[in-house]
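Examining the three-dimensional arrangement
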Amino acid sequence: MQPNATLYLTADDAGLARAADLLRAGALVAFPTETVYGLGGDARNGEAVAAIYAAKGRPSFNPLIAHVASVQAAQRHVEWSAQAERLAAAFWPGPLTLVLPLKPDHGISSLVTAGLETLAVRVPAHPAAQALLSAFDSPVAAPSANPSGRISPTTADHVRAGLDGRIGALVDDGPCGVGLESTIIGLAGEPALLRPGGLAAEEIEAVLGHKLLHYQEGDALTAPGQLLSHYAPDASVRLNAGAPQGDEVLLGFGEMACDLNLSPKGHLPEAAANLFAALHELDATGRPIAVAPIPDHGLGAAINDRLRRAAAPRGS
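Residues numbered from 1 in each chain as written. Predicted model: local features only at pLDDT ≥ 70, side-chain atom pairs only at ≥ 80, totals over all residues. Heavy atoms only, no water.

What to know about helix α1 (residues 13–24)
This is how it is decided: Comment: elements are numbered from the N terminus, with helices defined as DSSP H or I runs of at least four residues and strands as E runs of at least two. The span expected for a helix works out to 1.5 Å for each residue beyond the first. Whether a residue is buried, partly exposed or exposed follows from its accessible area with a 1.4 Å probe, protein chains only, as a fraction of its type maximum: under 20%, in between, or over 50%, in that order. The arc in question is traced by the directions running from the helix axis to the C-beta atoms. Any two residues whose heavy atoms approach within 4.5 Å are treated as being in contact.
Helix length check: α1, at 12 residues, gives a terminal C-alpha distance of 17 Å against a target of 16 Å (1.5 Å per residue), a fit within 8%. Of the residues making up α1, those classed as buried are Gly15, Leu16, Ala19, Ala20, Leu22 and Leu23. Projection of α1 onto a plane perpendicular to its axis shows the buried side chains occupying an angular sector of 160 degrees, all on one side. Set apart from the buried face of α1 by more than 90 degrees, the exposed residues are Asp13 and Ala14. For α1, the elements touching its buried residues are β1 (7–10), β2 (29–32), β3 (37–42), α6 (127–136), β7 (140–141) and β8 (169–172).

In C-alpha cells:
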C-alpha cells in the first residue's frame, strides 16, 4: 500500500538514504535519471511491482526495466554475453537498456518481466540514480514516472502533476539531461533495436560491427515502450506540419516561426532533451498540437518514434 501523501526529498545523502529505506519497505520512489524520471520499486518484491502498475495504470503485459548500479549487479540476474560486454563497456552507465535471458536463480518478480524469460536491464549515469541504486544494492524496476501512455516526465514538477499522492516519495534533482527514454537492444537472439531512444542506433551498430534487426509493429511485446499509442498528451498531435491550422499551436525545429521550438539551431540532442517538456507546455494550452518535420537520423529517429506514438489514435 502506498501512502496518501507523497514525501518530497532532495538528492543529498540524507534524502537518498531515506529513499533507499522506502524502497526496502516496499514503497514507490520516483527519482531522476539522465533520460527521464523513473518510478522505482523493489524489482524482487511482487507487491511493490504491482503497485507500480497500479499507480501508473500500466497494462501488466508491458514489461519494466530493472535499474542497477553496475555491470556486476546486472550479471547477478541475467545471462551475460560477449555482445552485452561490448555494449556495456562502450555505453554503460548511460541511456542504453539491454534485454537478456534471465538466470535460473534471478530473483526478479515475474511482474517485472511480464512473464517473459528475459529481463530489460540498465545502468543509469545520473549521479542521484547511481547513489540511490548503490545505497539500495538491489535491482529497481522503474518505468517512467507518469500515468501510463502520457507524456514522459523530465522534471519533478511533471511527476507531481501526474502521480502526487499515489507514490511514496519523489527525489527532486532538477531536469533530466537526455530527455528521451533509453534505447533498448534485444540480445536474447540476433541483436535487435526494440525501441529507439537516447543513444543513436548508429553508435550501437558501430560497436557491434553490423546492422541491428528492427522491431516491427505487430510483433509480440518484448520490451517497454512498444505500445503504438504512448507518450501522449491530452491534445491531438499532427506531425510533419509546415504551418499551424485552425487553433493549433506549432512545435518547431530549426529556424522557423512557431509557438515553441525544440531547437532553433536544428540540433537533435537539444531537441531530444526538450521534447517531453515542450509537449507538456503545449498540452497545457488546451489546443491541438502541430509538429514541424524532424530529420529521421541519429537521435531524430527516437524523437520521431515518440512523436508517432504521441499522435497515434488513443487505445491503440
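A short note on the sheet that holds β8
Just so we agree on the cut-off: Should DSSP find at least two bridges between two strands, the strands are regarded as paired. In this description, a line fitted to the C-alpha atoms serves as the axis of each element, helices being fitted only across the stretch in contact, and the angle between N-to-C directions of two axes falls anywhere from 0 to 180 degrees.
Strand order in the open sheet formed by 11 strands is β1-β8-β2-β3-β7-β4-β6-β5-β9-β10-β11, with mixed pairing between adjacent strands. Of all the strands in the sheet, just β1 and β11 (213–214) have a single pairing partner and so form its edges. For strand β9 (residues 183–186) and strand β10 (residues 192–195), the ladder comprises 3 bridges, and the chain directions are antiparallel. Bridge pairing links isoleucine 185 to leucine 193 in β10. Together, β2, β3, β4 (65–67) and β7 form the strand contacts of α6, whose direction differs from that of β2 by roughly 135 degrees.

Points about unusual backbone geometry
Omega for the peptide link from tryptophan 92 to proline 93 comes to -5 degrees, which places this bond in the cis form. Of note, proline 93 is situated in the loop between α4 (82–91) and β5 (96–101). In this model, alanine 114 sits at a positive phi of 55 degrees, which is unusual for a non-glycine residue. Within the secondary structure, alanine 114 is located in the loop between α5 (110–113) and β6 (118–122). With a phi close to 60 degrees, aspartate 137 is a non-glycine residue in the positive phi region. Mapped onto the fold, aspartate 137 is located in the loop between α6 and β7.

Topic: the packing of aromatic side chains
Spelled out, the test is: Paired rings are identified among Phe, Tyr and Trp, the last through its six-membered ring, by centres lying within 6.5 Å, and are further divided according to the angle between planes into stacked (under 30 degrees), edge-to-face (over 60) and tilted (the rest). When the NZ atom of lysine or the CZ atom of arginine is within 6 Å of a ring's centre and also within 35 degrees of its normal, the charge is said to sit over that ring.
Summed over all chains, the structure comprises 1 aromatic pair. Geometrically, the ring pair formed by tryptophan 80 and tryptophan 92 is tilted, given 5.9 Å between the ring centres and 40 degrees between the ring planes. With tryptophan 80 in the loop between α3 (71–75) and α4 and tryptophan 92 in the loop between α4 and β5, this residue pair connects regions lying 12 residues apart in the sequence. Classification of tryptophan 92 by relative accessible area gives buried; the value is 10%. Cation over ring: arginine 160 sits above tyrosine 8, and NZ or CZ is 4.6 Å from the ring centre.

Points about the nonpolar core
Quick reminder of the rule: The set of buried Ala, Val, Leu, Ile, Met, Phe, Trp, Tyr and Cys residues whose side-chain atoms join them within 4.5 Å is what this entry labels a nonpolar core.
Among the nonpolar cores identified, the biggest contains 47 residues, and Leu39, Leu87, Trp92, Leu96, Leu98, Ile185 and Ile204 are the most heavily contacted of them. Elements that contribute at least two residues to this core include exactly β3, α2 (46–56), α3, α4, β5, β6, α7 (156–163) and α8 (201–208). Element by element, the count of residues in this core is highest for α2, at 5 residues. Once you skip the residues sitting within four places of it in the chain, isoleucine 185 turns out to touch Leu87, Leu96, Thr97, Leu98, Val99, Ala192, Leu193, Leu194, Ile204 and Leu212.

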